[in-house]
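# Remarks on the overall topology
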Amino acid sequence: MKMSTYKALEIDYKYDPKQARRKINGNTFVFHCHHYATLYTQLAIDAKDLADGPQLLTDAAEDSFRAWFDRYDADHPGMTLEEKADMGRQFYSWSGLGDMKIGCLGENGGEVYLHHSHLDSGWLKKFGRAEKPVNFITCGFIAALFSSLYNQPARSYRVVEEKSIACGDMQSLFIAVRV
Amino acid sequence: MPIDRKQIIDHLCRLEVEGNENGMISAFGVFLTQLPADFWNNFAERLTRSVRMDLRRAAEELLINAAHECGYHTGQGILSSEEWRSVVQPFVFKPPEDTLHGLLAVITSWGWAKAEIVELIPKTKMVVRSYDYYEADIVEQGRSSKMSAYMLCGICAAFMDLVYGDKYPNGIHTFQCAQTKGIECGDEYGEFVAVKSGD
């Protein structure tokens, strides 16, 4: 077992040879590349006639990241709202999803910016400029972060990507609204 | 001398990465993320169970294709990497077959699957068994009626493309893969059979 710290984020990585699993704080984590993330996103868009693909992808992300936030919270009791928000931002960065800045937040919603983004950079590299925002994974991440910060159930926040690096904007902007 | 899987896995499983100052992980010629496995499982499972039964296969093919492209490009990045040259290449005595064994050892160290090749007919067929893989986690109790290791299917085909297909990047989709057993379906292991496309 090896302990490492990404700024203020406590990361405990170990490899379980019996299962061949990479465990981060006891949870199974996997590497995937931008081809995978962008093709999953493209698949979600293409599947709109079969199912609400973008919403499925957003919800899948929200549920997964919410579970992570809740476990981290349980393992680190007593964190302030600021510390929890910073943990979420740092986890986003540690995981390779990009560079997130929280413009503002409150129980009714907030504004979140990306200056760098795995999904958007990958999209531009693979497909070129997008016509519409495509970062449904980050919408789910932010929904999870806000609901976790304010101890609300899943789907308590709707997150809309108003500006998008993949569409040519200098930075991405996400607006979270309590529903 | 056969490839030393244990030594390769023991070395590469120590690999720890984290986002740089921009929150990006650039390695093996691609951008990487390290995310909870259940995120990927959540989407694949919800998508394939949301669509009408007659459209499920189409959705599954798209998931497999995402993994196929991922495996092809990332696999090429692995083969071109310093880690491959220093850790795996010394065990590759009989290319290209040993290359395939090495790639399976690498993905085992990455936590994708505890997988090994059990049958290999050069240029024709590869059978992979996986004794643990994260895609099987979708079933916590009982047995699923559908096999769900879309990622592993795509990866196996992609690795055959890299080794026996035309030179990168023109060899993709030379091979296809089918899952024939699944832990999620109650089998002891997952089994994946890659053959030439159209066979």
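Rules used throughout
Residues numbered from 1 in each chain as written. Chains lettered and ligands numbered in written order. Predicted model: local features only at pLDDT ≥ 70, side-chain atom pairs only at ≥ 80, totals over all residues. Heavy atoms only, no water. Contact = heavy atoms within 4.5 Å. Buried area = accessible area lost by both parts, 1.4 Å probe. Salt bridge = Lys/Arg side-chain N within 4 Å of Asp/Glu carboxyl O. Polar contact = N/O pair within 3.5 Å; in protein donor to acceptor, adjacent residues only side chain to side chain. Helix = DSSP H or I, 4+ residues; strand = E, 2+ residues; numbered from the N terminus. Nonpolar A, V, L, I, M, F, W, Y, C, P; charged D, E, K, R; others polar. 1 Å grid on protein atoms, 1.4 Å probe; cavity = no way out; pocket = protein on both sides within 12 Å on 5 of 7 lines; lining within 4 Å. Points joined across faces, edges and corners; volume = space filled by probe spheres on them. UniProt positions renumbered as here; feature names shortened; annotations may be inferred. Axes fitted to C-alpha atoms, helices over the stretch in contact; angles between N-to-C directions. Parallel < 35°, antiparallel > 145°, perpendicular 65-115°, else oblique. Disulfide = S-S within 2.5 Å. Buried < 20%, exposed > 50% of the residue type's maximum accessible area, 1.4 Å probe, protein only.

Per an unreviewed UniProt entry, chain B goes by 4-vinyl reductase 4VR domain-containing protein and derives from Heliobacterium chlorum.

The name given to chain A in an unreviewed UniProt entry is 4-vinyl reductase 4VR domain-containing protein, and the organism recorded there is Heliobacterium chlorum.

### Quick notes on the interface of chain A and chain B
One frequently used descriptor of interface size is the decrease in accessible area upon assembly of the parts. The interface is formed by 54 residues belonging to chain A together with 55 residues belonging to chain B. For the pair chain A and chain B, the summed buried area comes to about 5,100 Å², and 63% of that belongs to carbon and sulfur atoms. Taken together, the links from chain A to chain B amount to four salt bridges. Among the ionic pairs, D63 of chain A bridges to R46 of chain B, the shortest N-O distance being 2.8 Å. Taken together, the connections running from chain A to chain B amount to 25 residue pairs in polar contact (both at pLDDT 80 or more). If one sorts the elements of the side of chain A that touches chain B by residue count, helix α2 (residues 53-75) of chain A sits on top with nine residues. Of the residues assigned to the side of chain A that touches chain B, the class counts are 27 nonpolar, 17 polar and ten charged.

### Brief notes about the layout of surface pockets
All names here are of chain A. Put simply, the largest pocket is a space of about 530 Å³. Along the walls of the largest pocket sit 24 residues, with P54, T58, P133, F136 and C139 positioned nearest its centre. Of all elements in the fold, only α2, α5 (136-149) and β7 (157-163) reach the threshold of two or more residues within the lining of the largest pocket. Here the residues of the lining of the largest pocket sort into 13 nonpolar, two polar and nine charged.

### A few points about the UniProt feature "domain: 4-vinyl reductase 4VR" (unreviewed entry) in chain A
When the UniProt feature table is mapped onto this chain, "domain: 4-vinyl reductase 4VR" (unreviewed entry) is found at residues 113-178 of chain A. Helix makes up 36% of residues 113-178 of chain A and strand makes up 29%, while its end C-alpha atoms are separated by 18 Å.

### Concerning the packing of helix α1 (residues 34-46) of chain A against α2 of chain A
All names here are of chain A. For the pair α1 and α2, interaxial distance at closest approach is 6 Å and the crossing angle is 135 degrees. As summarised for this structure, α1 and α2 are arranged oblique, according to the angle between their axes. Where α1 approaches α2, its residues Y40, T41, A44 and I45 are matched on the opposing element by G53, P54 and L57. Residue composition of the contact of α1 with α2, by class: five nonpolar, two polar and no charged.

### Focus on the state of the cysteines
All names here are of chain B. Summed over all chains, the structure comprises zero disulfides over all chains. Unpaired in this structure, C156 has its nearest cysteine sulfur neighbour in C177, at a distance of 4.7 Å. Left without a disulfide partner, C177 is nearest to the cysteine sulfur of C153, which lies 4.2 Å away. Residue class for C177 comes out buried when judged on its relative accessible area of 12%.

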